[in-house]
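# Chains, contacts and geometry: an overview
Letter by letter, the chains look like this.
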Amino acid sequence: MKNLFVDEESDMTLRPLHDRILVRRIEAEEKTAGGIIIPDTAKEKPQEGEVVAAGPGARDDSGQLRPLDVKVGDRILFGKWSGTEIKLNGEDLLIMKESDVMGVIEDDAAARNAA
């Protein structure tokens with residue numbers, strides 16, 4: 001189970017607790033479909049990311065551990081103002097609760113095979 005974010009350069013690790021996940025934003029395209037280049041000043045922060053580490057889950061009312069629905073490697077969609085931005089060894093990451101995740105983006109081929 002890969003629930004740690006390890007930075008090879010400094011040997012620093014981050015292990016999210018409870019139902020928190022660590023997310024690396026996936027940068028949006030710099031061009032529109034019509035070929036227009038979007039300047040940095042007009043770009044919005046991406047609302048898509050990849051889970052790089054995940055906590056073990058949250059406890060329910062009876063004290064049982066409820067595992068997370070997302071896992072390391074998932075591409076997710078989250079709200080514009082979700083999470084807390086952190087800088088870990090020069091990399092910009094987000095730490096957020098699983099409840100901030102709106103959905104998991106599945107690969108078209110994998111989705112077709114599952115159907």
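Residues numbered from 1 in each chain as written. Predicted model: local features only at pLDDT ≥ 70, side-chain atom pairs only at ≥ 80, totals over all residues. Heavy atoms only, no water.

### Regarding the overall build of the protein
Using the following cut-off: Numbering of helices and strands runs from the N terminus; a helix is a DSSP stretch of H or I covering at least four residues, while a strand is a stretch of E covering at least two. Throughout, a residue-residue contact means that at least one pair of heavy atoms, one from each residue, lies within 4.5 Å. Here the open area of atoms and residues is found with the Shrake-Rupley method and a 1.4 Å probe, where only the protein chains shown may cover a residue.
Per the secondary structure count, the protein includes one helix and ten strands. Starting at the N terminus and walking to the C terminus, you meet the elements of the protein as β-β-β-β-β-β-β-β-β-β-α. When contacts within the protein are restricted to residue pairs at least 6 apart in sequence, long-range pairs at least 24 apart make up 61% of them. Total accessible area on the protein is roughly 8200 Å²; 50% of this is exposed by carbon and sulfur atoms.

### What to know about the confidence of the model for the protein
Rule in force here: A residue's pLDDT is simply how confident the predictor is in it, with values from 0 to 100.
Mean pLDDT over the protein works out to 79, with 67% of the residues at or above the 70 mark. The spread of mean pLDDT over the elements of the protein runs between strand E1 (residues 5-7), the lowest at 56, and strand E7 (residues 75-78), the highest at 93.

### So, unusual backbone geometry
This is how the line gets drawn: Residue burial is assigned from relative accessible area. The probe radius is 1.4 Å, only protein chains are included, and a residue is buried under 20% of its type maximum, exposed over 50%, and partly exposed in between.
Positive phi, normally seen in glycine, also occurs at His-18, with a value near 50°. Along the polypeptide, His-18 turns up in the loop between strand E2 (12-14) and strand E3 (20-25). We classify His-18 as partly exposed; its relative accessible area is 48%.

### Observations concerning the pairing of strand E9 (residues 91-97)
Formally: Two strands make a pair as long as DSSP finds a minimum of two bridges between them.
In the sheet, E3 pairs with E9 via four bridges, with the strands oriented antiparallel. When the sheet's bridge partners are listed, Leu-22 is paired in E9 with Ile-95. With five bridges connecting them, strand E8 (residues 84-88) and E9 associate as antiparallel partners. Its bridge partner being in E9, Ile-86 is matched across the sheet by Leu-93. As consecutive antiparallel partners, E8 and E9 are separated by two residues, and within that stretch Asn-89 has a phi angle of approximately 55°, a positive value.

### Some words on the sheet that holds strand E10 (residues 101-105)
What counts is decided by this rule: To obtain each axis, a line is fitted to C-alpha atoms, and for helices this fit is confined to the stretch in contact; angles are then taken between N-to-C directions over 0 to 180 degrees.
Pairing within the open sheet is antiparallel, and its six strands lie in the order E8-E9-E3-E4-E7-E10. The sheet is open, and its two edges are formed by E8 and E10, each paired on a single side. With strand direction ignored, the average angle separating the axes of adjacent strands in the sheet is 45°. Bridge count between E7 and E10: four bridges; the pairing is antiparallel. In the sheet register, Ile-76 faces E10, and the bridge partner there is Val-104.

### Some thoughts on the environment of Lys-71
Relative to the elements of secondary structure, Lys-71 occurs in the loop between strand E6 (65-66) and E7. Sequence separation of Lys-71 and Ala-54 is 17 residues, and the distance between their C-alpha atoms is 6.5 Å.

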